[in-house]
Amino acid sequence: MIRTRLVVGSLLALGACGVLFGDSWLARSGFAWFPFLFAFLMLAGALGSRELVRLIPAVHRPSEGLVTCGVLLALLANWYPAIHQQFSLVPASVWALVAWILATVLIAAFLLEMRRYTGEPGVAVPRLALTLFAVAYLGLLACFFAQIRWLVPDADTSAIMLALVVFVPKGNDIGAFFTGTFLGRHKMTPVLSPKKTWEGFAGGMTTGAAVAVGFSFMGDVFRHGIPEAIAFGLVVGLAGVLGDLAESLIKRDGQMKDASKSIPGFGGVLDVIDSVLFAAPVAYLWFSWH
């Protein structure tokens, strides 16, 4: 299992670097649409929506088509400013568009539940709530990740920022995995995630901070240098841990070990992006205040 995780994890890391820095190369060539990021987010949104909906017990399971459509529209909204400049459309705030999409999904969910209502109590309202939850979890949180691409005009700097959002929590995961495997003694969350230990947590936080320090030498992303990089690594790393535990909560509640078996050694798409989903809003706020 460790060998599989190392091989697949290395391939995923190379793919992430290709997406981020491939888009930066295109931006320097005058093509600033970030198509690789767009393709990655749309693919992850579609696959993640499928996994998330199928983790929910059948009686309360929302419409997979509606959830997927809502998530993809929320992700697409991040590219609207570039689209309206290209085609002279009416300018609009990305966050206003996302709010409109969430409202539209909720209304559509109401209409769908009205159509399928059979009189059985305790079913319609949970499905309504879970529809909005799924779109917010995979669509709204991912928007913070996408928006970091546009926080600064320099594509190389924004690529480093996004790399930090990916590799700090993933470095935290790796550090926690190996530290917990060889040194773990004290259970951290015995019910929610039985394999997590406090020793692994400490090792993960240290690794995440080290990753942030390493990336700080690649560009001017931390105004206060190494101390800020360490603080960023600790804060964003902690957010990543909470994101991992949040997805564990969903899986445990659905009585599943993994979101799917699509990625050897890791499980499913949700098992790979869970920590990044929680890290993205924290990092977005950090860089916005920078």
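Bear in mind the structure is a predicted one, so any value in this text is a computation, not a measurement.

Caption draft 1: Structural detail: the packing of aromatic side chains. In total, this model carries 14 aromatic pairs according to the counting rule given. Residues W198 and F201 carry aromatic rings whose centres are separated by 5.6 Å and whose planes lie at 80° to one another, so their mutual orientation is edge-to-face. Of the two residues, W198 and F201 are both situated in helix α8 (residues 198-216); the distance of three residues between them amounts to about one turn of the helix. Classification of W198 by relative accessible area gives partly exposed; the value is 46%. Ring pairing ties together the aromatic residues F34, F38, W79 and W150, which thus form one cluster.

Caption draft 2: Fine view of empty space enclosed by the protein. For the coordinates displayed, the defined rule picks out one cavity of 30 Å³ or more. Computed from the structure, the largest cavity encloses a volume of approximately 40 Å³. If you trace the largest cavity, you find it lined by P62, S63, L66, A109, L112, E113, R116, R127, L128 and T131. The set of elements that each furnish at least two residues to the lining of the largest cavity consists of α5 (94-116) and α6 (124-147). Here the lining of the largest cavity takes four residues from α5, the largest share from any one element. Here the lining of the largest cavity is built from residues that sort into five nonpolar, two polar and three charged.

Caption draft 3: Structural detail: the layout of surface pockets. There is about 170 Å³ of room inside the second largest pocket. As for the second largest pocket, its lining consists of L55, I56, P57, L130, F133, A246, L249, I250, D253 and G254. Looking at the lining of the second largest pocket element by element, the count peaks at four residues for helix α9 (residues 225-253). Residues belonging to the lining of the second largest pocket are distributed by class as follows: eight nonpolar, one polar and one charged.

Caption draft 4: Local environment of helix α10 (residues 269-289). Taking 1.5 Å per residue as the helical rise, α10 with its 21 residues ought to reach 30 Å, and the 31 Å between its terminal C-alpha atoms agrees with that figure. Most of α10 is tucked away: 15 of the 21 residues are buried.

Caption draft 5: Seen up close, the nonpolar core. Of all hydrophobic cores here, the largest spans 71 residues; its most connected members are F145, L164 and F232. Not counting chain neighbours up to four residues away, the residues in contact with F145 comprise L37, L41, L162, V165, V166, V276 and A280.

Caption draft 6: Spatial organisation of α5. Taking 1.5 Å of rise per residue, the 23 residues of α5 would be expected to cover 33 Å, and the 33 Å separating its terminal C-alpha atoms lies within 8% of that figure. Of the positions making up α5, those classed as buried are V94, V98, I101, L102, V105, A109 and E113.

Caption draft 7: Spotlight on the pattern of salt bridges. For the coordinates displayed, the defined rule picks out eight salt bridges. Its salt-bridge partner being D156, residue R28 comes within 2.6 Å of it at the nearest N-O pair. Placement of R28 in helix α1 (residues 2-28) and of D156 in helix α7 (residues 155-183) is noted, with a sequence separation of 128 residues between them. When its relative accessible area of 29% is taken as the criterion, D156 is described as partly exposed. We note a salt bridge from K170 to D173, for which the minimum N-O separation is 3.3 Å. Taken together, the residues span about one helical turn, with K170 and D173 both in helix α7 at a distance of three residues. Residue K170 is classed as buried on the basis of its relative accessible area, which comes to 18%. The exposure class of D173 is partly exposed, given its relative accessible area of 23%.

Cut-offs and rules
All residue numbers here refer to positions counted from 1 along the written sequence of the relevant chain. Reporting in this predicted model follows two pLDDT cut-offs: at least 70 for local features of residues, and 80 or more for side-chain atom pairs to be given and counted; totals over whole chains, interfaces and linings ignore these cut-offs and use all residues. With hydrogens and water set aside, each side-chain value is computed from the structure's full complement of heavy atoms. Stacked, edge-to-face and tilted labels apply to pairs of Phe, Tyr and Trp rings (six-membered ring for Trp) whose centres lie within 6.5 Å, assigned for plane angles under 30 degrees, over 60, and everything in between, in that order. Under the scheme used here, helices are H or I runs from DSSP no shorter than 4 residues and strands are E runs no shorter than 2 residues, and both carry numbers assigned from the N terminus. Here's how the labels work: a residue is buried when its accessible area is under 20% of the maximum for its type, exposed when over 50%, partly exposed in between, all with a 1.4 Å probe on protein chains only. A pocket here means an open set of points on a 1 Å grid, computed over the protein atoms alone, that has protein on both sides within 12 Å along at least five of seven lines. A cavity is instead a set of points where a 1.4 Å probe fits but cannot get out; residues with an atom within 4 Å of a point line either one. Grid points are joined across faces, edges and corners, and a volume is the space filled by probe spheres set on the points. By the convention adopted, Pro, Cys, Tyr, Trp, Phe, Met, Ile, Leu, Val and Ala count as nonpolar, Lys, Arg, Asp and Glu as charged, and the other residues, Gly among them, as polar. Helix span, as expected, comes to 1.5 Å for every residue beyond the first. Nine residue types can take part in a nonpolar core, namely buried Ala, Val, Leu, Ile, Met, Phe, Trp, Tyr and Cys, and a core is a set of them joined through side-chain atoms within 4.5 Å. Whether two residues are in contact is decided by their heavy atoms, any of which lying within 4.5 Å being enough. Salt bridge, as applied in this entry: a Lys or Arg side-chain nitrogen positioned within 4 Å of an Asp or Glu carboxyl oxygen.

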